[in-house]
Amino acid sequence: MDFLSGRSELQAKDFKTKWQAPSNIALVKYWGKKGHQLPSNPSISLTLSHCQTQSELTFSPSEQLAVELFLDGESRPSFAAKIQTFLEKLSSDFPVFKNTKVVVHTHNTFPHGTGIASSASGMAAVALCLADYLYFLKGKDRDDNFMKLASFFARLASGSASRSVFGGMVSWGEFADEAQMSDLFATPFTAHESFNDLCDSVIIVSSEEKVVSSRAGHGRMGDHPYAEARFTEAHKNFKRTIDALRAGDWKTVGHVLENEALQLHALMLTSPESYTLLKPNSLLAIEKIRQWRQATGVEAYFTLDAGPNIHLLYLKKDEKSVKAFIENELRGAYEQVIHDQRGAGPALC
Ligand code: PMV
């Protein structure tokens with residue numbers, strides 16, 4: 001990869017940059033990894049608009065790697081330690097980080113403690129700043145490879161973050177005839193224009209901290225009796241989804257969407273070390289969404305990531321009725337709702 005060339009000669013310098021990056025919701029899920037943070041199956045996601053992390057990184061030469069991190073102005077040593085570990089790992093390929101001090105100031109635009117994972121948006125924002133720093137050190141202007149490099153860095157920190165580097169729909173992982181797709185970084189996916197204003201209402205069922213992290217969840221796929229069956233299914237679902245996304249076939253996308261969420265949570269339940277992230281209200285909401293869809297014909301479909309919260313996806317034309325349904329029929333089953341939609345991707349602040 002040419003974006004990795006010439007990296008060993010770089011010298012640390014003073015530099016400051018700030019990026020904001022969005023969260024994303026996977027339509028086909030990445031669950032299980034191989035090698036060095038590579039996915040066991042291809043995934044595809046919708047980049048969101050309102051759920052963003054803004055991060056400013058200040059780099060300076062230093063005798064050794066050091067990281068300080070402030071969330072909304074407050075020092076967070078545990079988050080700093082995560083970035084430090086990430087940069088330590090990166091420094092074997094990018095030795096310049098061994099002599100860099102990094103101060104991170106970060107802020108999430110979505111309310112803290114909502115249970116929405118900030119790792120995708122958070123690590124994507126950091127990765128964009130790192131890519132900016134390396135381009136600066138090389139004296140290069142941002143080019144077509146810039147986002148690829150940012151996605152490559154983001155992937156090493158958190159797989160789903162690799163997809164938050166682009167707007168719209170984004171795929172990650174090698175797949176048969178899709179020559180542009182890679183395990184190393186994500187690639188933008190062009191879907192039918194009818195999905196340009198796809199909406200996602202995030203129904204926060206519980207904001208409690210998860211009992212098992214995503215990192216641990218991926219690990220538990222290692223000895224899962226259904227792992228191979230899952231990877232085969234995920235490939236099939238991926239193919240169905242990209243074909244339907246290109247054709248503008250929302251019904252098929254919606255069916256796969258729900259199947260993917262249920263497969264993900266079934267894997268957790270049937271893992272040798274079993275656990276559940278679903279809450280009673282997650283199941284109640286799923287049941288009500290199905291009944292309401294049956295009764296009204298409104299094509300709103302649910303999905304979940306590795307947590308109890310429901311993402312309800314629907315076309316813009318159905319926005320009014322979906323919002324009324326959430327307010328009237330799901331009342332009492334959630335803590336709060338964030339009405340989000342397809343977003344344009346990250347931005348330099
Ligand atoms: O990126 P990670 O390691 O937090 O894993 C993300 C896993 C899911 O959100 C459940 C699926 C996905 O593809 O985003």
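For the structure, see preceding data.
What counts and how
Residues numbered from 1 in each chain as written. Predicted model: local features only at pLDDT ≥ 70, side-chain atom pairs only at ≥ 80, totals over all residues. Heavy atoms only, no water. Helix = DSSP H or I, 4+ residues; strand = E, 2+ residues; numbered from the N terminus. Buried < 20%, exposed > 50% of the residue type's maximum accessible area, 1.4 Å probe, protein only. Contact = heavy atoms within 4.5 Å. Areas by Shrake-Rupley, 256 points an atom, 1.4 Å probe, with all protein chains shown as cover. Lys, Arg positive; Asp, Glu negative; His and termini not counted. Charge placed at Lys NZ, Arg CZ, Asp CG, Glu CD. Axes fitted to C-alpha atoms, helices over the stretch in contact; angles between N-to-C directions. Parallel < 35°, antiparallel > 145°, perpendicular 65-115°, else oblique. Left-handed = near helix turned anticlockwise from the far one by under 90°. Salt bridge = Lys/Arg side-chain N within 4 Å of Asp/Glu carboxyl O.

Enquirer: What's the story with the overall build of the protein in this structure? I'm lost.
Expert: Scanning the protein from N- to C-terminus turns up eight helices and 14 strands. Judged by the C-alpha coordinates and their principal axes, the protein covers about 65 × 45 × 40 Å. Among the 349 residues that make up the protein, the fraction classed as buried is 55%. Once local pairs closer than 6 in sequence are excluded, the contacts in the protein between residues at least 24 apart make up 75%. For the protein, the computed accessible surface area is about 15100 Å², with 49% contributed by carbon and sulfur atoms. Averaging the locations of the 37 positively and 40 negatively charged side chains of the protein gives two centres separated by 1 Å.

Enquirer: Help me understand the packing of helix 5 (residues 227–247) against helix 6 (residues 250–269), please; the structure alone is not making it clear to me.
Expert: Two elements in contact, helix 5 and helix 6, have axes separated by 9 Å at closest approach and are oriented at 160 degrees. Looking at the two axes, helix 5 sits roughly antiparallel to helix 6. As helix 5 packs across helix 6, the resulting crossing turns out to be left-handed. Residues Arg 230, Glu 233, Ala 234, Asn 237, Arg 240, Thr 241, Ala 244 and Leu 245 of helix 5 pack against Thr 252, Val 253, Val 256, Asn 259, Glu 260, Gln 263 and Leu 267 of helix 6.

Enquirer: Looking at this model, I keep getting lost on the pattern of salt bridges. Mind explaining?
Expert: Close approach of charged atoms lets side chains of opposite charge pair. If you walk through the whole model with that rule in mind, you get 15 salt bridges. For Lys 34, the salt bridge goes to Asp 183, with nearest N and O atoms at 3.7 Å. Of this pair, Lys 34 sits in strand 2 (residues 33–34) while Asp 183 sits in the loop between strand 8 (169–172) and strand 9 (186–189), and the two are 149 residues apart along the sequence. Residue Asp 183 is classed as buried on the basis of its relative accessible area, which comes to 8%. Residue Arg 220 is joined to Glu 273 by a salt bridge in which the shortest nitrogen-to-oxygen separation is 3.4 Å. Here Arg 220, found in the loop between helix 4 (214–219) and helix 5, pairs with Glu 273, found in the loop between helix 6 and helix 7 (280–296); they are 53 residues apart in sequence, far enough to count as distant. Within the structure, one salt-bridge network assembled from shared partners comprises Lys 316, Glu 319 and Lys 323.

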